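Single-letter residue listing:
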Amino acid sequence: MANHTFPKDFVWGTATASYQIEGAWNKDGKGESIWDRFSHTPGKVLNGDTGDVACDHYHRWRDDIQLMKDLGIKAYRFSIAWPRILPSGSGKVNEAGLEFYSQLVDGLLEVGIEPYATLYHWDLPQALQDKGGWADRMVVDAFVEYADITTRALGDRVKNWITLNEPWVSAFVGYRDGHHAPGHKDLNEAVAASHHLLLSHGRSVPVIRKNVKDANVGITLNLTPQMPASQSLADRKAANYIDGYINRFFLDPLTGRGYPEDMVKAFENSMSFVQNGDMEEIAVPVDFLGINYYTRNLVRADEKDNQPQTVFREGVMTEMEWEVYPRGLYNLLGRVHFAYGFPAIYITENGAAFPDDKPVNGEFHDPDRVSYIKEHLKVVNEAINIGVPVKGYFVWSLLDNFEWSFGYSKRFGIVHVDLETQKRTAKSSAKWYSRAIAAQSAEID
Ligand code: FCB
């Protein structure tokens, strides 16, 4: 595989998520989600931005499919808004919600784009949050019900299913840091939420397999290499701690190792919500692991402000202040494969926000984004060459969209979206990606 040429069956995709692009937040029977509630609460999202309209994808999905078709994109990862399907979280099904995704899927298949559906990308029905949300075990049955209904309706056409997107973010950013919906600040809730997320995943996998012939099922984690700032034992211990917090606390239980003991101790949590049989259910075999990779962290031991570790970044940064560090993806892929051995891996998100998207003669030139995607694709290729079974890559994101608590201030799209007019314009990065797909190679200009 010289010249960074990819295997013939490599999956070239783009990714989005329901709340970030759909809009139509209360249309056709959709229920309120925790992100509707959060973004409608003053002070939670930068500039008071909301996903009420977003990219209006709910009405423009045909155009967006055409856009992908024109670019030669082979696969599309989107997420399904749970409150469109079950407005109250469980019970009564909203047929219009199922119909929306059914049409979307038909539209994709008509033009030969393979759908990859994520069941949960953070828009929990508010009705379930009112009962405790992910911190309460009742959510597990509700998720399995939702997964069952959705995969029964779409499973004849959608073969690739991702149960959850980034459970660490749902649990810790949503329930501990309070930066995401539901905006709580309670470590115990966050740890319980992690468990109920993982259990929801584990319990829904057999249900999805039952409903979907030839299913390809997995889960997506945000994995971030944690590197010690120096080789001192103290810094290495600090990095190992953050690795436990962000990476091992999810990788270990998914692969049958249970929760890492150092973390259970550090959280000072009795884990009394773990019931007999839960850990076996969580460790259900999957077909793949989805990895979202953006950056690495540097970690140093620190006793300031009662914080034993300090996480920091340096070097060339994206607009998110995430270091551009492609080598970290290579190292991560090697580590995950050799230490955990998932049958397959997809890069379900990788991409960058840069403030360089000003039009020149109507063209959006984004050389930093081109270089970001290219360099990451190259190391994916190198990882494949050392035997890591990476089967596909999804750029985050197809469209500039609602970047959670940053609102619309951060643009990740390879396609520019004018938020006033909703006009879509392919940036240089989209055109580069299109050529890379045609050449099956990252080694192109
Ligand atoms: C990931 C999310 C995705 C997007 C990117 C930038 O954590 O899964 O929705 O916001 O970050």
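This section reports on the structure supplied with the text. (Residues numbered from 1 in each chain as written. Predicted model: local features only at pLDDT ≥ 70, side-chain atom pairs only at ≥ 80, totals over all residues. Heavy atoms only, no water.)

Things to note about the environment of A81
At step 1: Among the structural elements, A81 can be located in the loop between β2 (75–79) and α4 (82–85).
At step 2: Of the residues examined, A81 reaches a relative accessible area of 1% and is grouped as buried.
At step 3: As for A81 and G341, which are separated by 260 residues in sequence, their C-alpha atoms are 31 Å apart.
At step 4: In contact with A81, not counting residues within four places along its chain, are S18, E22, Y101, D123 and Y146. (Helix = DSSP H or I, 4+ residues; strand = E, 2+ residues; numbered from the N terminus. Buried < 20%, exposed > 50% of the residue type's maximum accessible area, 1.4 Å probe, protein only. Contact = heavy atoms within 4.5 Å.)

Structural notes on the pattern of salt bridges
At step 1: According to the stated counting rule, one finds 27 salt bridges in the structure shown.
At step 2: Note that R203 and D141 form a salt bridge whose closest N and O atoms lie 3.8 Å from each other. Of the two residues, R203 is situated in helix α9 (residues 187–211) and D141 in helix α7 (residues 138–154); the sequence distance between them amounts to 62 residues.
At step 3: Since its relative accessible area comes to 25%, R203 is described here as partly exposed.
At step 4: A relative accessible area of 52% means that D141 is categorised as exposed.
At step 5: Here E443 ties to K378 by a salt bridge, and the two come within 3.7 Å at their closest N and O atoms. With E443 in the segment after α15 (428–439) and K378 in helix α14 (residues 367–385), the pair connects residues that are 65 residues apart, well separated along the chain.
At step 6: Taking relative accessible area as the criterion, K378 reaches 15% and is therefore assigned buried.
At step 7: One network of salt bridges, with partners in common, ties together D243, R248, D262 and R335. (Salt bridge = Lys/Arg side-chain N within 4 Å of Asp/Glu carboxyl O.)

What about the site of the ligand?
At step 1: Taken together, Q20, H121, W122, N165, E166, N292, Y294, E349, W396, E403, W404 and F412 form the complete shell of residues around the ligand.
At step 2: At 2.7 Å, a side-chain N or O of E403 approaches an oxygen atom of the ligand.
At step 3: Interatomic distance of 2.9 Å between a side-chain N/O atom of W404 and an oxygen atom of the ligand.
At step 4: Contact with the protein chains hides 94% of the accessible area of the ligand, taken as 300 Å² for the molecule alone.
At step 5: Considered class by class, the residues forming the shell around the ligand number five nonpolar, four polar and three charged. (Near = heavy atom within 4 Å. Polar contact = N/O pair within 3.5 Å; in protein donor to acceptor, adjacent residues only side chain to side chain. Areas by Shrake-Rupley, 256 points an atom, 1.4 Å probe, with all protein chains shown as cover. Nonpolar A, V, L, I, M, F, W, Y, C, P; charged D, E, K, R; others polar.)

Let's talk about the nonpolar core
Nonpolar side chains in soluble globular proteins tend to be buried together.
At step 1: In this structure, W82 and Y433 are the most contacted members of the largest nonpolar core, which totals 131 residues.
At step 2: The residues touching W82, leaving out its near neighbours within four places in the chain, are G89, Y120, D123, L124, P125, L128, W134, V139, A142, F143 and Y146.
At step 3: Core analysis: the next-biggest nonpolar cluster, separate from the first, contains 18 residues, A15, M320, A352 and F412 among them. (Core = buried A, V, L, I, M, F, W, Y, C linked by side-chain atoms within 4.5 Å.)

By themselves, these observations are geometric and do not establish any function.
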